[in-house]
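For reference, the chains in residue letters:
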Amino acid sequence: ELHATIEGDSHAKAEARRATLLKICTSHNGTEIAGTPLRFLRENPFGPPMLMLGPAGKRWVPTNFIVPHGRHADMLAAINMCMTEHREIIARHDITWSWSSLLVGREHVLIEPALYWKDEASPIMRATLDPAVLDSAPQHAADTSARKAVGELRAALMATGLRNGAAHIQTGRAYPASARFQAPDSEIFLRLKQALDPHGLMNPGVLEGGKPPSA
């Protein structure tokens, strides 16, 4: 399915662009469907983060890559290759995965692979999700082995994105900032960190400022 939001300086321009997009899609045997999902998102842009709870009560964690349109197919192929290389781990721990793509501006596309596995609800899930929703979902026992495997798989996906020149939404947090730097930028970054935060106390765990404090 393709969901598109059309914008314009006026209603007429937006309608004209919609007609053009519809013509392109129908010329490729597409069939127009109701725009219910996008209308719902516009009406509720900041709803509860229910995605933390995957299908059948599984845990969920995403990874993201931003590439130019021309690199979309190559990045998807690289993702599939990475998952194929880790197929034994995926099968052993019953990990399921999917990906979605979203246009970013006129030149780039966001690709978000998502990983799902059976594990107990995390503290942040219990603090954020509606208890009724969480309790009604299938309950799973803690599985630290599967959790570790998901972490390794996510790291492998990140490395795949780095090798393919992908950018990320969370650079400096989930993704190392230094990986995006080249000399002399990397040297300048490290000097600034040393001068402004020599002990890595500023926002620990972010922008490579040391490990976050233990819970």
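Above: the structure in question.
Residues numbered from 1 in each chain as written. Predicted model: local features only at pLDDT ≥ 70, side-chain atom pairs only at ≥ 80, totals over all residues. Heavy atoms only, no water.

The subject of this paragraph is the overall build of the protein chain. When helices and strands are counted, the protein chain shows eight helices and four strands. Taken from N to C terminus, the helices and strands of the protein chain fall in the order α-α-β-β-α-α-β-β-α-α-α-α. Here the protein chain, with 215 residues, has 27% of them falling under the buried criterion. Residue pairs at least 24 apart in sequence account for 64% of intrachain contacts in the protein chain once pairs closer than 6 positions are excluded. As displayed, the protein chain has an accessible area near 14,600 Å², and 58% of this comes from carbon and sulfur atoms. (Helix = DSSP H or I, 4+ residues; strand = E, 2+ residues; numbered from the N terminus. Buried < 20%, exposed > 50% of the residue type's maximum accessible area, 1.4 Å probe, protein only. Contact = heavy atoms within 4.5 Å. Areas by Shrake-Rupley, 256 points an atom, 1.4 Å probe, with all protein chains shown as cover.)

Take the nonpolar core next. Formed by 22 residues in total, the largest nonpolar core has its most connected members in Met75, Ile79, Met83, Ile95, Leu115 and Leu157. Among the elements of the structure, β2 (65–68), α3 (72–85), β4 (108–117) and α7 (144–163) are those that each provide at least two residues to this core. Excluding anything up to four places from it in sequence, Ile79 contacts Phe65, Trp97, Ile111, Pro113, Leu157 and Thr160. (Core = buried A, V, L, I, M, F, W, Y, C linked by side-chain atoms within 4.5 Å.)

Nonpolar side chains collect at one region of the surface, where Ile188, Leu192, Leu196 and Met202 lie side by side and expose about 420 Å² of accessible area between them. With respect to the helices, strands and loops of the structure, Met202 is situated in the segment after α8 (185–196). (Patch = residues over 30% accessible without salt bridge, like charges linked within 9 Å, V, L, I, M, F, W, Y side chains within 5 Å. Salt bridge = Lys/Arg side-chain N within 4 Å of Asp/Glu carboxyl O.)

This part covers unusual backbone geometry. Even without glycine at this site, Asn29 takes up a positive phi of about 65 degrees. If you trace the backbone, Asn29 turns up in the loop between α1 (11–27) and α2 (36–43). Judged by relative accessible area, which is 74%, Asn29 ranks as exposed. The backbone of Asp94 shows a phi angle near 55 degrees, a positive value even though the residue is not glycine. Note on placement: Asp94 falls in the loop between α4 (87–92) and β3 (96–104).

Interhelical geometry of α3 versus α7 gives an angle of 145 degrees and a closest axis separation of 10 Å. Here α3 and α7 pass one another in a crossing that is right-handed. When α3 is examined against α7, the residues Met75, Ala78, Ile79, Cys82 and Met83 are found in contact with a partner set consisting of Leu153, Ala156, Leu157, Thr160 and Gly161. Its residues assigned to classes, the contact of α3 with α7 shows eight nonpolar, two polar and no charged. (Axes fitted to C-alpha atoms, helices over the stretch in contact; angles between N-to-C directions. Left-handed = near helix turned anticlockwise from the far one by under 90°. Nonpolar A, V, L, I, M, F, W, Y, C, P; charged D, E, K, R; others polar.)

Most of β4 sits out of view: eight of its 10 residues are buried. Bridge count for strand β1 (residues 59–62) against β4 is four bridges, and the pairing is antiparallel. Considered in β4, the bridge of Arg59 is made with Trp117. Here β2 runs beside β4; their pairing, made up of four bridges, is antiparallel. Looking across to β4, one finds that Ile66 is bridged to Leu110. Bridging between β3 and β4 involves nine bridges; their strand directions are antiparallel. Opposite Trp97, over in β4, you have Leu115 as the bridge partner. (Pairing = 2+ DSSP bridges.)

The final tally for this structure, using the stated rule, is eight salt bridges. Linking Arg18 and Glu32 is a salt bridge whose minimum nitrogen-to-oxygen distance equals 2.3 Å. Pair noted here: Arg18 is in helix α1 and Glu32 is in the loop between α1 and α2, with a separation of 14 residues, a long-range link. For Arg18, a relative accessible area of 35% puts it in the partly exposed group. For Glu32, a relative accessible area of 46% translates into the label partly exposed. Across the pair Arg147 and Glu120 runs a salt bridge, and its minimum N-O distance is 3.9 Å.

Attention now goes to α3. Its 14 residues place the ends of α3 20 Å apart at the C-alpha level, agreeing with the 20 Å of an ideal helix rising 1.5 Å per residue. Every buried residue of α3 is listed here: Met75, Leu76, Ala78, Ile79, Cys82 and Met83. For α3, the arc enclosing every buried residue in end-on projection is 160 degrees, short of the 170-degree limit, so these residues lie on one face. Residues of α3 that are exposed and point over 90 degrees away from its buried face: Ala73 and Glu85. Each element contacted by the buried residues of α3 is listed here: β2, α4, β3, β4 and α7. (Expected span 1.5 Å × (residues − 1). Arc of directions from axis to C-beta.)

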